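Chain residues, written in single-letter form:
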Amino acid sequence: MKKTNSQHIPYQEHYRGRFAPSPSGELHFGSLLAAMASYADARHHQGDWLVRIDDIDSARVVAGSDKHILSTLEACGFQWDEGIDYQSQHIERYQHALDLLQQNHQCYPCTCSRKQLKIQGYTGIYPGLCRANDWATMKHNNYAIRLKVSNKQMGFTDRIQQEHQQILSQDVGDFIIYRRDQVFSYQLSMVVDDFYSGITHVVRGYDLVDSTIKQMYLQQLLGYPTPIYAHIPLAISPQALKLSKLSQAKKITCDLKTLVQAAQFLGQKILIDTDFENKNDFWQYLIRHWDINTVPRMEKQMVLY
Ligand SMILES: [Zn+2]
């Protein structure tokens, strides 16, 4: 029998959504869209909406940007439930999940470097060279930990996009859940935190669609329920750059015009900004009329400033 820790935390049936920005810069239009879609969907379903700061990769954290993101969200009129969660405070949870996977022989230490793999001609999917590695013979910490993935077809129905199917062994390969630089992977930390927070619905950008089946597989191994997923299109500028902090997207001003523009991008039949007296008025309208079925079913969509 697989050991799980699911008995300690009752799973919530009530809608629980979340927004999980990484504090690597200020809130930009792309992350406003993810915040808005997850928030409006949660509130439309009388659900809770939580904010979690994805600060586990300390090398990418820009000091003070968590405060900037939160104050921008607040200025935009978002209201979150419960306290702000920080991933950097949950290392023990991640370790517990990793220990469980190790005890159940579902992961292994991998000593391959990207350079070595390249020299050996492996440039695509990791070929599982270290699958037979024995933990007991690892005398150093200089390894990553990979998950042994399944050769079964897995799939999910996205609330916005097409049906997604993957065979992890063919399409992804054994992926890293703990990095050589001693950081828990995005996939593992997200899955563990979503479980501990009782998240039932995930609404996020299309760039994360390929993470979903990896996360579902981890949920299965850890005995967690799988949330319901929706992926919104990414906003691209006319120069076709993804609107992310990395491409130095313009930081947003939290005025009604920007909020209306974001709602329109999300395909909501919204009026023009002058039809709202204030932001509160806007949010009431958006939450009441929110319809995820009208969000464009596409990977990306152009946005014009
Ligand atoms: Zn290896």
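The preceding data block contains the structure.
Computed from a predicted model, the values in this text were never measured in an experiment. (Residues numbered from 1 in each chain as written. Predicted model: local features only at pLDDT ≥ 70, side-chain atom pairs only at ≥ 80, totals over all residues. Heavy atoms only, no water.)

*Asks:* Describe unusual backbone geometry, listing the residues and the values that go with them.
*Replies:* Not every positive phi belongs to a glycine, and Q46 is a case in point at roughly 55°. Tracing the backbone through its elements, the reader meets Q46 in the loop between helix 1 (29-44) and strand 2 (48-53). (Helix = DSSP H or I, 4+ residues; strand = E, 2+ residues; numbered from the N terminus.)

*Asks:* Residues and numbers for the coordination of the zinc ion, please.
*Replies:* Four donors placed tetrahedrally around a metal ideally meet at 109.5 degrees, and six donors placed octahedrally ideally meet at 90 or 180 degrees. Protein-derived coordination of the zinc ion comes from C110 (SG), C112 (SG), Y126 (OH) and C130 (SG), at a distance range of 2.0 to 2.3 Å. In this structure, the zinc ion is surrounded by four donor atoms whose angles at the metal cover 100 to 124°, and the resulting shape is tetrahedral. The sequence pattern describing where the donors of the zinc ion fall on their chain is C-x1-C-x13-Y-x3-C. Here the residue C110 occupies a position in strand 4 (residues 107-110), and C130 occupies one in the loop between helix 4 (114-119) and strand 5 (144-147), the gap between them amounting to 20 residues. What makes C110 buried here is its relative accessible area of 1%. (Donors = N, O, S within 2.8 Å, 3.2 Å for Na, K, Ca; no water. Tetrahedral: all angles 85-135°; square planar, octahedral: opposite > 155°, others 65-115°. Buried < 20%, exposed > 50% of the residue type's maximum accessible area, 1.4 Å probe, protein only.)

*Asks:* Give a description of the nonpolar core that names residues and reports values.
*Replies:* Residues M36, F78 and F282 are the most contacted members of the largest nonpolar core, which totals 47 residues. Listed by contribution, the elements that provide at least two residues to this core are helix 1, strand 2, helix 2 (65-76), strand 10 (228-232), helix 8 (256-265) and helix 9 (279-289). Per element, the largest residue contribution to this core is 10 residues, and it comes from helix 1. Judged by nonpolar contacts, the second largest core, of 39 residues, contains L100, L147, F184 and Y206. (Core = buried A, V, L, I, M, F, W, Y, C linked by side-chain atoms within 4.5 Å.)

*Asks:* Explain the sheet that holds strand 4 residue by residue, including any values.
*Replies:* Within the open sheet, the three strands sit side by side as 4-5-8. Their pairing is antiparallel. In this open sheet, the two strands that pair with only one neighbour each are strand 4 and strand 8 (176-178). Neighbour-to-neighbour, the strand axes of this sheet turn through a mean angle of 45°, independent of strand direction. (Pairing = 2+ DSSP bridges. Axes fitted to C-alpha atoms, helices over the stretch in contact; angles between N-to-C directions.)

*Asks:* Tell me about the environment of P225, and name the residues and values.
*Replies:* Within the fold, P225 resides in the loop between helix 7 (212-222) and strand 10. Here the alpha-carbon distance between P225 and V203, two residues 22 residues apart in the chain, equals 16 Å.

*Asks:* Talk me through the environment of N151; I want residue IDs and the actual numbers.
*Replies:* Note that N151 resides in the loop between strand 5 and strand 6 (153-157). Assessed through its relative accessible area of 62%, N151 is described here as exposed.

*Asks:* How would you summarise the packing of helix 3 (residues 91-103) against helix 7 if you had to cite specific residues and measurements?
*Replies:* Across the interface, helix 3 lies against helix 7 with an axial gap of 10 Å and an inter-helix angle of 75°. Relative to helix 7, the element helix 3 lies roughly perpendicular. Where helix 3 approaches helix 7, its residues A97, L100 and L101 are matched on the opposing element by L218, L221 and L222. Classifying every residue of the contact of helix 3 with helix 7 by side-chain character gives six nonpolar, no polar and no charged. (Parallel < 35°, antiparallel > 145°, perpendicular 65-115°, else oblique. Contact = heavy atoms within 4.5 Å. Nonpolar A, V, L, I, M, F, W, Y, C, P; charged D, E, K, R; others polar.)

*Asks:* How would you sum up the state of the cysteines? Please name residues and give values.
*Replies:* Enumeration over the complete set of coordinates arrives at one disulfide. Linked covalently through their sulfurs, C76 and C254 form a disulfide whose S-S length is 1.7 Å. You can see C76 sitting in helix 2 and its partner C254 sitting in the loop between strand 11 (234-236) and helix 8, a full 178 residues away along the chain. Residue classification places C76 among the buried positions, given a relative accessible area of 0%. According to the relative accessible area criterion, C254 is buried, its value standing at 14%. (Disulfide = S-S within 2.5 Å.)

*Asks:* Describe the packing of aromatic side chains, naming the residues involved and giving the relevant values.
*Replies:* The tally for this structure, following the rule as stated, stands at 16 aromatic pairs. With a centroid separation of 6.3 Å and an interplanar angle of 10°, the aromatic rings of F19 and W49 are classed as stacked. Placement of the pair is F19 in strand 1 (residues 16-19) and W49 in strand 2, with a sequence separation of 30 residues. Side by side, F19 and W49 carry an identical accessibility label, which is buried. Between W135 and Y143, the ring centres sit 6.0 Å apart and the planes meet at 75°, which makes this aromatic pair edge-to-face. An aromatic cluster of at least three residues, connected via ring pairs, comprises F19, Y39, W49, F78, F276, F282, W283 and Y285. (Phe/Tyr/Trp six-rings, centres within 6.5 Å; stacked < 30°, edge-to-face > 60°.)

*Asks:* Tell me about the sheet that holds strand 1, and please be specific about residues and values.
*Replies:* Overall, parallel pairing links the three strands, which are arranged 1-2-3 in an open sheet. Since the sheet does not close on itself, it has two edges, and those belong to strand 1 and strand 3 (85-86), each with one partner. As paired elements, strand 2 and strand 3 share two bridges and run parallel to each other. When the sheet's bridge partners are listed, R52 is paired in strand 3 with D85.

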